[in-house]
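Structural overview for review
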Amino acid sequence: MATFAKLENALKQAEELINVGQKQDALQALHDLITSKRYRAWQKTHEKIMFKYIDLCVDMRSGRFAKDSLIQYRIICQQVNVNSLEEVIKHFMDLSTSKAELARTQAQALEEALDFDDLEADKRPEDLILSYVSGEKGKDRSIIRNHLANLNKYRDQRDRPDLTAPESLHFYLDTRFEQLKVATELQLWQEAYRSVEDIYGLTSMVEKMPKSSLIAVYYAKLTEIFWISSSHLYHAYTWFKLFQLQKSFNKNLNQKDLQLIASSVLLAALSVPPYDHLKTCPVCRKACLDKYGEHALHCRELPGFKHRHDFVRDALMDILRRAGISAKKEAPVNFLTDPSEGRSTLRPADVLVFGWEGGKHACVDLTGVSPLAGFRENGFVAGQAVLKGESKKVEKHAKACEDNQHAFVPLAFDTFGSLAPEAVRFLSRVQRVVHSNFSTPQGRGFVFSRLGFSIKKGMVAQFVARLPAILM
């Protein structure tokens with residue numbers, strides 16, 4: 001690196017190199033001077049050198065050199081004349097803006113002149129601009145963030161802004177909130193999250209919360225960021241915080257808007273998947289634990305799989321007892337079999353109702369199914385699964401009951417609470433018996449509500465028993 005007795009000599013040498021077309025050498029010479037510890041005592045000539053250096057950086061599109069020079073120049077002038085740094089930055093911004101406008105004008109003129117696509121161009125100008133602001137070169141946007149970090153690092157300096165002053169905090173927060181808004185509009189989610197971290201850091205530093213209107217923007221943008229990142233739990237919690245804030249501080253919020261936000265909170269909470277669908281079942285080691293918990297409710301190898309079935313059976317027995325209908329659960333009838341297993345395998349009736357139909361006893365067989373069974377292959381049809389479950393039970397046991405002078409009642413239900421037609425007919429008759437014995441308004445919907453509650457209770461018992469420990 002060349003040494004100069006006077007700074008003016010370095011500026012003169014750089015101009016001579018520019019005049020003979022050696023801009024790179026001129027840029028390097030000025031860069032070595034600015035970064036050298038030999039010339040750290042600020043002089044007015046430093047400002048002229050920085051102006052010339054910035055002109056070269058913009059002309060040669062050397063962003064890294066410009067960034068390094070601004071950092072070094074801040075060190076040189078911050079103790080003596082910090083206004084000089086402001087002038088240099090303004091010059092940099094004005095020059096960059098004019099160059100960008102010129103490039104945009106030239107691009108538009110070229111686009112109007114050409115009426116065909118550039119087949120040799122790999123990317124559109126828009127793609128190049130977006131890759132510049134969202135890729136590795138996006139690190140240049142960290143200048144503002146580093147400035148705040150340096151303010152905390154050099155707290156004892158004389159010209160350090162006072163962040164506890166309302167005006168200073170207002171300017172800093174406005175800058176961060178504007179960054180957050182623009183980043184989310186451009187879908188630069190990583191930069192948006194960094195802006196959120198900056199806002200949180202500023203509020204923590206001064207121990208003073210911004211205005212409620214700004215905090216509302218903060219939470220609203222966070223809901224977008226967490227949704228894009230598939231962080232459903234944080235997304236739901238952010239919606240809840242936004243609801244609390246709007247309800248407490250937004251006096252102009254009408255009831256309809258408040259209900260809309262409350263609905264968003266509910267939907268966000270319901271969107272939180274309790275299971276990681278990429279993991280296999282810890283018991284059967286086969287299927288994945290789908291994020292909606294269907295496998296957890298229907299895996300036949302899980303301990304206690306029949307809990308839901310037993311809840312409903314016991315509830316049905318209690319209903320029949322209250323109605324004065326004679327019945328017995330798990331009654332051995334010695335003729336109910338699975339045709340695929342043969343006559344050697346006998347099973348009891350879930351509930352045996354005595355003298356139910358024309359003096360015949362009725363074998364009530366309960367079966368619970370998933371309404372989403374076969375969903376991927378055939379699409380979802382409401383009530384299809386429960387109808388199929390009822391049909392299978394009839395095929396298995398109806399003829400055997402008829403041959404042995406018994407009636408057969410399949411009581412099929414699904415995890416959504418739907419009932420098959422035969423189940424509805426059976427329970428409606430039981431409901432009429434209950435109503436005739438207990439002629440009170442409370443007894444009119446007793447049978448269906450009690451059974452529906454039992455279905456949900458059994459489902460929740462199995463569901464909660466298999467939740468990951470982190471959610472318990």
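Reading guide: rules and limits
- Residues numbered from 1 in each chain as written.
- Predicted model: local features only at pLDDT ≥ 70, side-chain atom pairs only at ≥ 80, totals over all residues.
- Heavy atoms only, no water.
- Helix = DSSP H or I, 4+ residues; strand = E, 2+ residues; numbered from the N terminus.
- Buried < 20%, exposed > 50% of the residue type's maximum accessible area, 1.4 Å probe, protein only.
- Contact = heavy atoms within 4.5 Å.
- Areas by Shrake-Rupley, 256 points an atom, 1.4 Å probe, with all protein chains shown as cover.
- Core = buried A, V, L, I, M, F, W, Y, C linked by side-chain atoms within 4.5 Å.
- Salt bridge = Lys/Arg side-chain N within 4 Å of Asp/Glu carboxyl O.
- Patch = residues over 30% accessible without salt bridge, like charges linked within 9 Å, V, L, I, M, F, W, Y side chains within 5 Å.
- Pairing = 2+ DSSP bridges.
- Axes fitted to C-alpha atoms, helices over the stretch in contact; angles between N-to-C directions.
- Parallel < 35°, antiparallel > 145°, perpendicular 65-115°, else oblique.
- Left-handed = near helix turned anticlockwise from the far one by under 90°.
- Nonpolar A, V, L, I, M, F, W, Y, C, P; charged D, E, K, R; others polar.

1. Some thoughts on the overall build of the chain
Looking only at helices and strands, the chain has 18 helices and four strands in total. Residues classed as buried in the chain amount to 36% of the 472 residues present. For the chain, the proportion of contacts with a sequence separation of at least 24, taken over those separated by at least 6, is 57%. Split by element, the accessible area of the chain, about 29,100 Å² in all, is 55% carbon and sulfur.

2. Observations regarding the nonpolar core
With 28 residues, the main nonpolar core has Tyr218 and Tyr219 as its most contacted residues. Only helix H8 (166-185), helix H9 (189-206), helix H10 (212-228), helix H11 (232-249) and helix H12 (255-270) provide two or more residues apiece to this core. When residues of this core are assigned to their parent elements, the largest contribution, eight residues, is made by H10. Setting aside anything within four residues of it in sequence, one finds Tyr218 in contact with Phe177, Leu180, Val196, Ile199 and Tyr200. The next biggest cluster of nonpolar side chains, apart from the first, holds 27 residues, and it includes Leu27, Tyr39, Leu70 and Tyr73.

3. Examining the pattern of salt bridges
This structure, assessed with the given rule, holds 17 salt bridges. Linked through salt bridges whose partners overlap, the residues forming this network are Asp310, Arg313, Asp314, Lys329 and Glu330.

4. So, a nonpolar patch on the surface
Residues Leu266, Leu267 and Leu270 make up a contiguous nonpolar surface patch of roughly 340 Å² in combined accessible area. Locating Leu266 in the fold gives a position in helix H12. The class for Leu266 is exposed, based on a relative accessible area of 51%.

5. What to know about the sheet that holds strand E2 (residues 349-357)
Spatial strand order, E1-E2-E3-E4: four strands in an open sheet with mixed pairing. Looking at strand neighbours, the two that pair on one side only are strand E1 (327-331) and strand E4 (407-414), the edges of this open sheet. When strand polarity is set aside, the average angle formed by the axes of neighbouring strands in this sheet is 30 degrees. In the sheet, E2 pairs with strand E3 (residues 360-369) via four bridges, with the strands oriented antiparallel. Across the sheet, the residue bridging to Leu352 is Cys363, located in E3. Helix H17 (residues 421-437) contacts E2, E3 and E4 of the sheet and is inclined by roughly 105 degrees relative to E4.

6. Overview of the packing of H10 against H11
Relative orientation of the contacting elements H10 and H11 amounts to 160 degrees, with a least axis distance of 9 Å. When the axes of H10 and H11 are compared, the pair comes out roughly antiparallel. Along this stretch, H10 crosses H11, giving a crossing that reads as left-handed. Contacts between H10 and H11 involve Ser212, Ile215, Ala216, Tyr219, Ala220, Leu222, Thr223, Phe226 and Trp227 from the former and His232, Tyr234, His235, Thr238, Trp239, Lys241, Leu242, Leu245, Gln246 and Phe249 from the latter. Broken down by class, the residue content of the contact of H10 with H11 amounts to twelve nonpolar, six polar and one charged.

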